[in-house]
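Report on the structure
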Amino acid sequence: MGLDFSILQTSDAGGRRAQLVLPHQTVATPVFMPVGTAGSVKAVPQDIVESLGAQIILGNTYHLYLRPGHEAIRRMGGLHKFISWPRAMLTDSGGFQVFSLSDLRKVTDEGVRFRSHLDGSSHFFTPEHSMDVQIALGADIAMAFDECTEYPADRSRAEQSLRLTMAWARRSLDHFRTHRHKVPWHYELGGATQSLFGIVQGGVYTDLRRESAERLVEMDFDGYAIGGLSVGEPRELTLEVIDAVLPLLPKDKPRYVMGVGYPDEIELYARMGVDMMDCVLPTRAARHALLFTSEGRINIKNKKYAEDQCPLDPACDCMVCRRYSRAYLRHLMQCGEPLSATLNTIHNLAYYLGIMQRVRTSLHSSPASLPRGPSSSG
Ligand SMILES: [Zn+2]
């Protein structure tokens, strides 16, 4: 058994509050998943990530495959044990990072050959290999191997990419079903297995997105992701694609939008019926002085905070806002103190996790709207 998904409440706008039972954690959705690229949510120790209320975090297959290697992690009992994270995890397929980080990629129907961004060594990833790596890592949820269509991509390029991704989805699923009992904790957790999600691609072409969704649903994955978003397209298009794809996905399975977004976006998508989201924004922005607060975005490097004794966000009760001033956070950043990244990230994560908490407790009270026009601030 990979997962159990029960919807507890729905809203007129399509939103839903649900319980997602995974081998390592029962997750209340909608949920935001902090990104723990190389087995660490950058700058924050696992016990603090837990105390912030994170229920599930991401690991990146590409990074962990290169260092320390999936077989090493398998020998150490899987990723949960290796990084000492008792709650749920999800790994991506490695595809996105292969396409965004590595050099000299060569894509064929069989798979993708690439050079490591670390040492230039040559590697070949196929859907089958991505499944083997993800099974060895042993996250609760694995993702089908896909080619993330870049933006902009013309129609014929998007069609070609979609054809490849659908063939790879089939191969991912077949291989996963045959080998999923090899996950490191299979026997320890009473025969529990990972789940596998398919990824809807198709660029910004809604008919291609429809075709992709229909074919994946036929294959019968445990859940469905919408991929290839937040790759540089205007946010109106992101919203349009999500709005078009959500009704095509089965109501009784989890839906995951990959790699989004700003605080107002994740709230909107959650209220539209997206159950899971992940994004590097709160953690990456924190390390670059960009902090999200109930009063809008703050660049903590700004001179006007030099003697500002107020908490970063007076409406936030995270451990950083309860204890430290804006002036101190600015000072740490100015001095390049490592504590700066830690404190900034803790607050941004608390803010993002708080948004999802609020959506879960107020699903009925604020219907999703579909604003068009220029970006609003977080
Ligand atoms: Zn805070």
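Notes on the structure in this doc start here.

**Some words on the side chain of E233**
- Inspection of the secondary structure assignment puts E233 in the loop between strand 12 (223-226) and helix 9 (235-245).
- For the buried E233, no salt bridge is present, and the opposite-charge side chain at shortest range is R209, 7.1 Å distant.
- Of note is the side chain of E233, whose polar atom sits 2.7 Å from the backbone nitrogen of S230.
- At a separation of 2.9 Å, a polar atom in the side chain of E233 contacts the main-chain amide nitrogen of V231.
- When sequence neighbours within four positions are dropped, the list of residues in contact with E233 reads Y151 and T238.

**Let's talk about the packing of helix 9 against helix 10 (residues 263-272)**
- At a minimum axis separation of 11 Å, helix 9 and helix 10 run at an interaxial angle of 15 degrees. In terms of orientation, helix 9 lies roughly parallel with respect to helix 10. Crossing hand, helix 9 versus helix 10: right-handed. Across from R235, T238, L239, I242 and D243 in helix 9, the residues of helix 10 making contact are D264, E265, L268, Y269 and M272.
- Tallied by class, residues from the contact of helix 9 with helix 10 come to five nonpolar, one polar and four charged.

**Here's the deal with the coordination of the zinc ion**
- All of the protein donors around the zinc ion are C316 (SG), C318 (SG), C321 (SG) and H347 (ND1); their distances to the metal are 2.1 to 2.3 Å.
- Around the zinc ion, the four donor atoms sit at angles spanning 97 to 120 degrees, and that spread fits a shape best called tetrahedral.
- If you list the donors of the zinc ion from N- to C-terminus, the spacing comes out as C-x1-C-x2-C-x25-H. Linking C316 in the loop between strand 16 (296-299) and helix 12 (319-323) with H347 in helix 14 (residues 338-361), this pair joins segments that are 31 residues apart in sequence.
- With relative accessibility at 0%, the residue H347 sits in the buried group.

**Here we look at the packing of helix 13 (residues 326-335) against helix 14**
- Interhelical geometry of helix 13 versus helix 14 gives an angle of 135 degrees and a closest axis separation of 7 Å. One finds that helix 13 runs oblique with respect to helix 14. Two packed elements cross with a definite hand, and for helix 13 against helix 14 that hand is left-handed. Residues Y328, L329, L332 and M333 of helix 13 touch helix 14, and the partners they reach there are L339, S340, L343 and N344.
- Of the residues in the contact of helix 13 with helix 14, the class split is six nonpolar, two polar and no charged.

**Some thoughts on the sheet that holds strand 8 (residues 112-115)**
- Taken in spatial order, the three strands line up as 7-8-9 in an open sheet, and their pairing is antiparallel. A strand with exactly one partner marks an edge of an open sheet, and here the two such strands are strand 7 (103-107) and strand 9 (122-125). Sheet twist, expressed as the mean angle between neighbouring strand axes with direction ignored, is 15 degrees.

**Observations regarding the pairing of strand 15 (residues 290-293)**
- In this structure, strand 15 lies alongside strand 16, joined through four bridges in antiparallel fashion. Each residue of the ladder has a partner; that of T293, found in strand 16, is G296.
- The hairpin turn running from strand 15 into strand 16, its antiparallel successor, is two residues long.

**Concerning the sheet that holds strand 3 (residues 25-29)**
- Across the sheet, which stays open at both edges, the three strands sit in the order 1-2-3 with antiparallel pairing between neighbours. Edge strands, defined here as strands with exactly one partner in the open sheet, are strand 1 (4-10) and strand 3. Neighbour to neighbour, the strand axes of the sheet diverge by 15 degrees on average, direction disregarded.
- Pairing geometry for strand 2 (residues 16-22) and strand 3, over five bridges, is antiparallel. Bridging across to strand 3, L20 finds its partner in V27.

**A look at the pattern of salt bridges**
- A complete count under the given rule lists 21 salt bridges for this structure.
- In this structure, R170 and D174 form a salt bridge, with 2.9 Å as the shortest nitrogen-oxygen distance. Here R170 pairs with D174, and both are found in helix 7 (residues 155-179), just four residues apart, close to one helical turn.
- Given the relative accessible area of 33%, R170 is considered partly exposed.
- The network of salt bridges with shared partners includes E110, E128 and R171.

What counts and how
- Residues numbered from 1 in each chain as written.
- Predicted model: local features only at pLDDT ≥ 70, side-chain atom pairs only at ≥ 80, totals over all residues.
- Heavy atoms only, no water.
- Helix = DSSP H or I, 4+ residues; strand = E, 2+ residues; numbered from the N terminus.
- Buried < 20%, exposed > 50% of the residue type's maximum accessible area, 1.4 Å probe, protein only.
- Lys, Arg positive; Asp, Glu negative; His and termini not counted.
- Salt bridge = Lys/Arg side-chain N within 4 Å of Asp/Glu carboxyl O.
- Polar contact = N/O pair within 3.5 Å; in protein donor to acceptor, adjacent residues only side chain to side chain.
- Contact = heavy atoms within 4.5 Å.
- Axes fitted to C-alpha atoms, helices over the stretch in contact; angles between N-to-C directions.
- Parallel < 35°, antiparallel > 145°, perpendicular 65-115°, else oblique.
- Left-handed = near helix turned anticlockwise from the far one by under 90°.
- Nonpolar A, V, L, I, M, F, W, Y, C, P; charged D, E, K, R; others polar.
- Donors = N, O, S within 2.8 Å, 3.2 Å for Na, K, Ca; no water.
- Tetrahedral: all angles 85-135°; square planar, octahedral: opposite > 155°, others 65-115°.
- Pairing = 2+ DSSP bridges.

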